[in-house]
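The chain contents come next:
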Amino acid sequence: MTATSPQGRTEMLRPDGSPVRVLVVDDEAALSELLSMALRYEGWEVRSAGDGAGAVRSARDFRPDAVVLDVMLPDMDGLAVLGRLRRELPEVPVLFLTARDAVEDRIAGLTAGGDDYVTKPFSLEEVVARLRGLIRRSGAATVRSESLLAVGDLTLDEDSHEVSRGGASIHLTATEFELLRFLMRNPRRVLSKAQILDRVWSYDFGGQANVVELYVSYLRKKIDAGRPPMIHTRRGAGYLIKPGE
């Protein structure tokens, strides 16, 4: 699975290859929407809530990797919301937003279990940077460069030609690597034998389909052996790769 991101930006993905999830809790609708747009621009999945009760319900359903939480909410303060969130998700990192800048308010938030603190007005870039740091330190997601393709727990580095699944290194021949790279650049998309021949072997389809079948079988032995299968055949259509079930 390749996550989309603006050119040149490193990406953060959950261990299963899906986008990072962030819950934004703020009763100012315009600010909440602005924050959500900035986070979606990072390629993250975002949900928002306008009060404490909604935040707890959303966290229970959404299971976010991080929470942006306003201290001042209409139904309860952010510290009370934090307590309830921690009962649902003990490890989720929480970034407090507040108009207050007094030292004692910062200490209260951090003492209550918050992980970081941003004072309004703030820059969107600062919030994103703080969240990236919190998520990375929590281990909820990993950062990958543009050269790294990921589908589920399978990774392929286009620069170093290193391939691994579930942290275990996998050795591929040059042709196997090119075939896997083509599949991983097109996750969940069925690729025909003709497309694969043209891209990997650089010649048009013409009676050589058996070479595709042969190399797909080689890949399966190395990628899928003893694990949930990721490479699938669509009879009469071609092959695709997707995270193992």
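Residues numbered from 1 in each chain as written. Predicted model: local features only at pLDDT ≥ 70, side-chain atom pairs only at ≥ 80, totals over all residues. Heavy atoms only, no water.

Core analysis: the largest hydrophobic core is formed by 27 residues, its most contacted members being Leu154, Val163, Leu180, Ile196 and Ile241. Elements represented by at least two residues in this core include exactly strand E8 (148-151), strand E9 (154-157), helix H6 (174-184), helix H7 (193-201), helix H8 (209-223) and strand E13 (238-241). Here this core gets 6 residues from one element, more than from any other, and that element is H6. Leaving out residues up to four positions away in the same chain, Val163 has contacts with Leu154, Thr155, Leu156, Ala168, Ser169, Ile170, Leu172, Phe177, Leu180 and Ile223. (Core = buried A, V, L, I, M, F, W, Y, C linked by side-chain atoms within 4.5 Å. Buried < 20%, exposed > 50% of the residue type's maximum accessible area, 1.4 Å probe, protein only. Helix = DSSP H or I, 4+ residues; strand = E, 2+ residues; numbered from the N terminus. Contact = heavy atoms within 4.5 Å.)

A word on helix H5 (residues 124-138). Under the 1.5 Å per step criterion, the end-to-end length of H5 is 21 Å for 15 residues, consistent within 8% with the ideal 21 Å. Within the sequence span of H5, burial applies to Val127, Val128, Leu131, Arg132, Gly133, Leu134 and Ile135. Just beyond H5, the residue with positive phi is Gly139, at close to 80°. (Expected span 1.5 Å × (residues − 1).)

Attention now moves to the packing of aromatic side chains. Scanning all chains against the criterion turns up 2 aromatic pairs. For the ring pair Phe96 and Tyr117, a centre distance of 6.2 Å and an interplane angle of 55° mean the geometry is tilted. With Phe96 in strand E5 (residues 94-98) and Tyr117 in strand E6 (residues 116-119), this residue pair connects regions lying 21 residues apart in the sequence. Per residue, the accessibility class of Phe96 equals that of Tyr117, and both read buried. An angle of 75° between the planes, with centres 5.1 Å apart, marks the rings of Tyr215 and Tyr218 as edge-to-face. Linking Tyr215 with Tyr218, this pair stays in helix H8, spanning 3 residues, or about one helical turn. We classify Tyr218 as partly exposed; its relative accessible area is 31%. (Phe/Tyr/Trp six-rings, centres within 6.5 Å; stacked < 30°, edge-to-face > 60°.)

Residue Pro121 follows Lys120 across a cis peptide bond; omega there is -5°. As for its position among the elements, Pro121 is in the loop between E6 and H5. The backbone phi angle of Arg188 is positive, close to 65°, even though this residue is not glycine. Among the structural elements, Arg188 can be located in the loop between H6 and H7. Taking the relative accessible area as the measure of exposure, Arg188 reaches 56% and is therefore exposed.

Let us look at the sheet that holds strand E2 (residues 21-25). Ordered by their spatial adjacency, 5 strands build an open sheet running E3-E2-E4-E5-E6, and the pairing between neighbours is parallel. Looking at which strands have only one partner, the edges of the open sheet turn out to be strand E3 (45-49) and E6. Sheet twist, expressed as the average angle between the axes of neighbouring strands with direction ignored, equals 20°. Relative to strand E4 (residues 66-70), E2 runs parallel, the two being bridged by 4 bridges. Along E4, the bridge assignment pairs Val24 with Val68. The strands touched by H5 are E2, E4, E5 and E6; relative to E6, the strand with the most contacts, the crossing angle is about 175°. (Pairing = 2+ DSSP bridges. Axes fitted to C-alpha atoms, helices over the stretch in contact; angles between N-to-C directions.)

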